[in-house]
Amino acid sequence: MMPDTDPLLPDTPPAAHAEPLLKVQSLFCERDERVLFSDLSFSVGSGQLMQVLGSNGSGKTTLLRIICGLNDSYEGTILWRGMPVTDQRETFLASLLYIGHRVGVNRILTPRENLRWSASLHTPVDDLRIADALARVGLKAFEDVPCRNLSAGQNQRVSLARLLISPATLWILDEPFTTLDVYGVRELERLLAEHIDNGGSALVTTHHRLNVPCAVERLNLDGVEQPL
Amino acid sequence: MMPDTDPLLPDTPPAAHAEPLLKVQSLFCERDERVLFSDLSFSVGSGQLMQVLGSNGSGKTTLLRIICGLNDSYEGTILWRGMPVTDQRETFLASLLYIGHRVGVNRILTPRENLRWSASLHTPVDDLRIADALARVGLKAFEDVPCRNLSAGQNQRVSLARLLISPATLWILDEPFTTLDVYGVRELERLLAEHIDNGGSALVTTHHRLNVPCAVERLNLDGVEQPL
Amino acid sequence: MWLWFSKLGSPRWFYELSGRWLPWLYGAMALLLLVGLTWALLFVPEDYQQGHTIRIMYIHVPVASISLACFPLMAIAGAITLVWKMKLADMVAKCVAPIGLWFTGLALATGAIWGEPIWGTWWAWDARLTSMLIQFFLFVGVIALRSAIESPDAAARACAVLAIVGAINVPIIKYSVEWWNTLHQPASRISMDAMSPNPPEIWVPLLIMISAVYLLFVISLLLRTRNEILVRERRSQWVTDLIARSQS
Amino acid sequence: MSAGTVPEVSTWGAFVATLRRDLLVAFKRRNDLLNPIMFFLIVVTLFPLGVSPDPLELAGISAGVVWVSALLASMLSLDNLYRADYEDGSLEQLLLSPQPLFFLVLAKNIAHWLISGLPVVVLSPLLAYMLYLPEGAYWTLVLTLLIGTPVLSLFGSIGVALTVGLGSRGLILAVIVLPLTMPVLIIGAKAVTDVMFGLPVGSHFALLGAMLAVALSIAPLASAAALRISVN
Amino acid sequence: MSAGTVPEVSTWGAFVATLRRDLLVAFKRRNDLLNPIMFFLIVVTLFPLGVSPDPLELAGISAGVVWVSALLASMLSLDNLYRADYEDGSLEQLLLSPQPLFFLVLAKNIAHWLISGLPVVVLSPLLAYMLYLPEGAYWTLVLTLLIGTPVLSLFGSIGVALTVGLGSRGLILAVIVLPLTMPVLIIGAKAVTDVMFGLPVGSHFALLGAMLAVALSIAPLASAAALRISVN
Ligand code: HEM
Ligand SMILES: Nc1ncnc2c1ncn2[C@@H]1O[C@H](COP(=O)(O)OP(=O)(O)OP(=O)(O)O)[C@@H](O)[C@H]1O
Ligand SMILES: Nc1ncnc2c1ncn2[C@@H]1O[C@H](COP(=O)(O)OP(=O)(O)OP(=O)(O)O)[C@@H](O)[C@H]1O
Ligand SMILES: [Mg+2]
Ligand SMILES: [Mg+2]
């Protein structure tokens, strides 16, 4: 569907910058005998923000998990910097940050401890960075409260603080705006814009209209409009 | 803060209809030594839709759970049709429908079986009603799929189908729009409006602007604007 | 070689090939079973010690020896599933588990029925009996895991991991159990030595019965696997054609 | 959906629906039906392996081993009782039902016993045989288990209800429930051993029966209260 | 946050951080530390209650009972190993780490053993004393448990990893794990009984050691594979 060599050819999407980092080629996936998508191709370049759209059950979460390698019941190829991700798992994972429906926050530990462990799985950072990140997501007074004593939105913020301490190039966020209040939404949009500005790229699902200064590509998984 | 006798007195809020069904009087609650709200009073009449606002961690969920009786670490009085709810638990529960952060959908059972059980806890309904309700929330083809095979939004829809088969007067919904797609959001707003039209009342938390034809009262739990 | 391998991995090819084999296998099994059973039940002389109960041997020994082959078979199929993602291997692995469970159960049951007149008890914590019982548990574990995981793909790989880990353990279990109980009850050990002085009238029908039951095992595995192939490939063109043909 | 009318409610209907739902969940996961039996069998097997395969030695401990295994099987299966409901929010719905919680909890306990207690009772003679329990004691064993296992389910339910909100699993439940259920174990096992020695056992059965009666009337109340606390 | 550079990674750092995190979680819920011990103690006391308080009879079964209880305690505590991480999404983060999963899983297994295996080993002499284990067998019991319980944790980890995505709990895990760990039980308990009879036990220890070596090298691999499957 898309040329797989020169990204400067005229038929690349307008916002695709110099080099396509992530390239998905003719992806096919079915679940429970329902084809979710077939022959799906797209690419995400550096400095590109891609919003995945689709009605409930259209396969957004499935797509993101397939790209991360958490789900391997698909056919097709996923390339990272021109090489299949399956051949270079570690390199790919080192540049990836995924936040899913389940936020990955341990409820016994405090936000600070949670972040420390998350970071150590990728690149350890010092405590100052962590405190800064927590302050920026509005958890200044809650650094040392066990996460089970935080509200739904506060837990979501703990997980979003990871965006601030990670050096990852590609962000994959599955409905990150869920349970965030208006300030939280605004802050996350600001974070996304910063990341894109710095040449990172992001794949985000959300049903809400992104309000960011940069261009937003849209990938719609709905074949037909949903009748609901 | 509010007169607790005649609802027709001039200082009742404008949209409050004839009779205040639910009345909350000088509620006080603290968690982890942080006062969430103190001396909070409001009332919800029939045909009234109340949106609870507040930043993350401001106590919206806590407030709703207190009203339902799922949380009793508070001070103050909650009246239902003029009587303390603690004196008439059963009557109150029979008129109440609560949908929380956790949707109350068993992952082994199918949407149909889930609804059947939910209904039987309050008022049993026949299978035709259930099938209708599921069709209306866009799960026509998914009635007999185990819920663990449904997406996040589809599970949310299963729980929203309860609104259609319940005779409850008071709906208490905690972020019901989470993970719904645009069609789902629109449908839920329509449901809310219908309920209000029929003289029901609802208490809803959401960070999103409700787009309903009826009047929406707002209860803001934030003392100060959040610095985020 | 590689071609053959990938061909073998094709369920359709397997289905057609096994379809051609089955009639022959049926015939051979029927013949062997008929000969073996009549011989074993009617013509084998009574044992001077055991009387007619010796005839249980003609079921017990074949069933027991096959049940021992099932776990390794399942593990090999599992390894192929994990490494080459061959669908057919998983179908075999899935189908061999219940058969293994049945044969292990049968070996336990026939052994118990035999043990009652011989040892005066249905059950003893003898090494061989115990290791059979543990093998029974292992099969139950694999089957329980398979039925608990809903996605066929995930179930295939999870069961493959369990089968391999189990297969590494089977010899350890067998060894440890044998070594655990020989001190206490050496008398109740069963071995081929007991058989060796026996005349051909006894072991020839036994061999026939062993072959017959082996064929029974192969046939039931083939039938189950064919069934599984049809279920999993029900939406592929060749299966739809097959169904259309069988209905017209 | 007319507002203002209190709908007609039916406690019996809610009781039956809850019982049926829990059984349905168990039947859909056929494992839930098989696993208590298998666990019981496997745990009983551990003892000959760990202690000794000697018939005489095993006969002496057989009643105790069968009872301890039944206790453990009942306890392990308890974890399923409210956990899934707690996690998916169904428990909140249960607590918000206008029906008396006593009966809903009782329905769940009965379902639990049917799924995990009854199979153990049915299987116990086989295991007793494998452990060389003397002939005469079979019926006593089955009967004590038949009366005793519902008590285990009912008491166990209190423990699960208390711990359902906690992150940690299994062990804390065991630590709470096992001491509670020890009297049942002691009397049940004692009745069987007494029969083996030809002693009268009427009083043991009377005691077990009394325990069951007490458990039936008090335990669901306690479970209901504990659930309210846990959800808080 | 500069794009395009692959960050420097440290496997050892991730290993230590994961180990420390799991220990931290356990210490924060002091229950996690106490429960294995309490469970072990309670199960061991079930036997004098259920079987017989007679010192001679107890001495005969003491080694087996302590070993069976250790096995059950280890298995019950396993449920905590990946469950919470699965439910809150941390497990996905673990799988998405660029570090080799083998070591991260090993770190979690070591933490599990430190929390639930080691206390049991330390406590075992006390319980052995309560069950009248003959003097000379103490050290053998402690040593077999010291070598054997890590094997239980490692094998158990495979079972939990395979079942972590399933709704039902506890029992299916036991059904999968217990048969696999029976050899450890047999050899461990046998070594203690053999010492009681004055037999040599060197070969038993060699066997246990070999099992530990095999488990250490294979089990984390199998667990890692199983986790990938479960999260799928
Ligand atoms: C539940 C009880 C029993 C079980 C689980 C059992 C299991 C087995 C197994 C696994 C084999 C090995 C088959 C092979 O290696 O190919 C076997 C063979 C045999 N069994 Fe049994 N057995 C039981 C009871 C008995 C009894 C009571 C007898 C009669 C004395 C008996 C006699 C034999 C003989 C003669 C063989 C063939 C010799 C051999 O292959 O080693 N078994 N049994
Ligand atoms: N289990 C708990 N124990 C103690 N404190 C808690 C607990 N749950 C929440 N809190 C505290 O209570 C406050 C209010 O929580 P609540 O869940 O009501 O917030 P909320 O308004 O619903 O937020 P959100 O928009 O994020 O859902 C939070 O700041 C939190 O710190
Ligand atoms: N575990 C599963 N097993 C089988 N099918 C599943 C499973 N999870 C989801 N599905 C199916 O896959 C489809 C896509 O699910 P997915 O979670 O990707 O949707 P989504 O686009 O993220 O929806 P939402 O907006 O509700 O989050 C759903 O229709 C569902 O029926
Ligand atoms: Mg989704
Ligand atoms: Mg909330």
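Residues numbered from 1 in each chain as written. Chains lettered and ligands numbered in written order. Predicted model: local features only at pLDDT ≥ 70, side-chain atom pairs only at ≥ 80, totals over all residues. Heavy atoms only, no water.

A. Just the coordination of the magnesium ion (ligand 4), in detail. At the metal site, the magnesium ion (ligand 4) is ligated by A:Thr61 (OG1) and A:His101 (NE2), and these contacts range over 1.9 to 2.6 Å. A residue pair is termed long-range when its members are at least 10 positions apart, and A:Thr61 in helix α1 (residues 60–68) and A:His101 in the loop between β6 (96–99) and α3 (111–122) qualify at 40 residues. (Donors = N, O, S within 2.8 Å, 3.2 Å for Na, K, Ca; no water. Helix = DSSP H or I, 4+ residues; strand = E, 2+ residues; numbered from the N terminus.)

B. Just the coordination of the magnesium ion (ligand 5), in detail. All names here are of chain B. At the metal site, the magnesium ion (ligand 5) is ligated by Thr61 (OG1) and His101 (NE2), and these contacts range over 1.9 to 2.6 Å. A relative accessible area of 25% places Thr61 in the partly exposed class. We classify His101 as partly exposed; its relative accessible area is 36%. (Buried < 20%, exposed > 50% of the residue type's maximum accessible area, 1.4 Å probe, protein only.)

C. The sheet that holds strand β7 (residues 170–174) of chain B, seen in detail. Residue and element names in this part refer to chain B. Sheet architecture is open: 5 strands sit in the order β6-β7-β8-β3-β9, paired in parallel fashion. Of all strands in the sheet, those with a lone pairing partner are β6 (96–99) and β9 (216–220), marking the two edges. Direction aside, the axes of adjacent strands within the sheet are offset by 15° on average. As paired strands, strand β3 (residues 49–53) and β9 are joined by 5 bridges and run parallel to one another. Its bridge partner lying in β9, Leu49 is registered against Val216. Sheet strands touched by helix α1 (residues 60–68): β3, β6, β7, β8 (201–205) and β9. Its angle to β7, the strand with the most contacts, is close to 150°. (Pairing = 2+ DSSP bridges. Axes fitted to C-alpha atoms, helices over the stretch in contact; angles between N-to-C directions. Contact = heavy atoms within 4.5 Å.)

D. Region of the structure containing the packing of aromatic side chains. Counting across every chain of the model gives 11 aromatic pairs over all chains. Each ring, one from D:Phe47 and one from E:Phe47, has its centre 5.2 Å from the other, and the planes form 50°; the classification is tilted. Of the two residues, D:Phe47 is situated in helix α2 (residues 30–50) and E:Phe47 in helix α2 (residues 30–50); the pairing between them involves two chains. We classify E:Phe47 as buried; its relative accessible area is 1%. Both rings, one in E:Trp12 and one in E:Phe15, keep their centres 5.4 Å apart while their planes meet at 15°; by these two values the pair is stacked. Residue E:Trp12 and its partner E:Phe15 are located together in helix α1 (residues 11–28), separated by 3 residues, close to a single helical turn. A residue is classified by how much of its surface remains accessible, and E:Phe15, at 12% relative accessible area, is buried. Note that C:Arg226 overlies the ring of C:Tyr15, its terminal NZ or CZ placed 4.1 Å from the centroid. Stacked on the ring of A:Trp117, the Lys or Arg E:Arg21 has its end atom at 3.9 Å from the ring centre. (Phe/Tyr/Trp six-rings, centres within 6.5 Å; stacked < 30°, edge-to-face > 60°. Lys NZ or Arg CZ within 6 Å of the ring centre and 35° of its normal.)

E. Representation of the environment of C:Ser220 in the model. Residues and elements named next belong to chain C. Relative to the helices and strands, Ser220 is located in helix α7 (residues 200–232). The class of Ser220 is partly exposed, set by a relative accessible area of 25%. Considered as a pair, Ser220 and Val96 are 124 residues apart in the sequence and their alpha carbons are 9.1 Å apart.

F. Fine view of helix α9 (residues 202–231) of chain D. Its 30 residues give α9(D) an end-to-end C-alpha distance of 42 Å, which sits within 8% of 44 Å, the value for a rise of 1.5 Å per residue. All of the buried residues in α9(D) are D:His204, D:Leu208, D:Met211, D:Ala215, D:Ala219, D:Pro220, D:Ser223, D:Ala224, D:Ala226, D:Leu227, D:Ser230 and D:Val231. (Expected span 1.5 Å × (residues − 1).)

G. The arrangement of the pairing of β7(B) in detail. Residues and elements named next belong to chain B. The buried fraction of β7 is high, at 5 of 5 residues. Neither face of β7 is left uncovered, since the one carrying Leu170, Ile172 and Asp174 and the one carrying Trp171 and Leu173 both have all their residues buried. Inspection of the sheet shows β7 paired to β8 by 5 bridges, in the parallel sense. Bridge pairing links Ile172 to Leu203 in β8. Crossover handedness for the path β7 to helix α6 (residues 182–197) to β8: right-handed. (Right-handed = clockwise from strand over helix to strand, strands pointing away.)

H. Structural view of the interface of chain D and chain E. In this assembly, 44 residues from chain D lie in contact with 45 residues from chain E. With both chains or domains summed, chain D and chain E bury close to 3800 Å², and 76% of this area falls on carbon and sulfur atoms. Taken together, the connections running from chain D to chain E amount to 0 salt bridges. The leading source of residues in the side of chain D that touches chain E is α2(D), at 13 residues. Classifying every residue of the side of chain D that touches chain E by side-chain character gives 26 nonpolar, 11 polar and 7 charged. (Buried area = accessible area lost by both parts, 1.4 Å probe. Salt bridge = Lys/Arg side-chain N within 4 Å of Asp/Glu carboxyl O. Nonpolar A, V, L, I, M, F, W, Y, C, P; charged D, E, K, R; others polar.)

I. Structural view of the site of ligand 3. A:Arg34, A:Thr61, A:Thr62, B:Ser151 and B:Gly153 are the nearest of the 22 residues found near ligand 3. Around ligand 3, the neighbouring residues derive from chains A and B rather than from a single chain. Here an oxygen atom of ligand 3 sits 3.4 Å away from a polar atom, N or O, in the side chain of B:Gln154. When grouped by side-chain class, the residues that make up the shell around ligand 3 number 3 nonpolar, 13 polar and 6 charged. (Near = heavy atom within 4 Å. Polar contact = N/O pair within 3.5 Å; in protein donor to acceptor, adjacent residues only side chain to side chain.)

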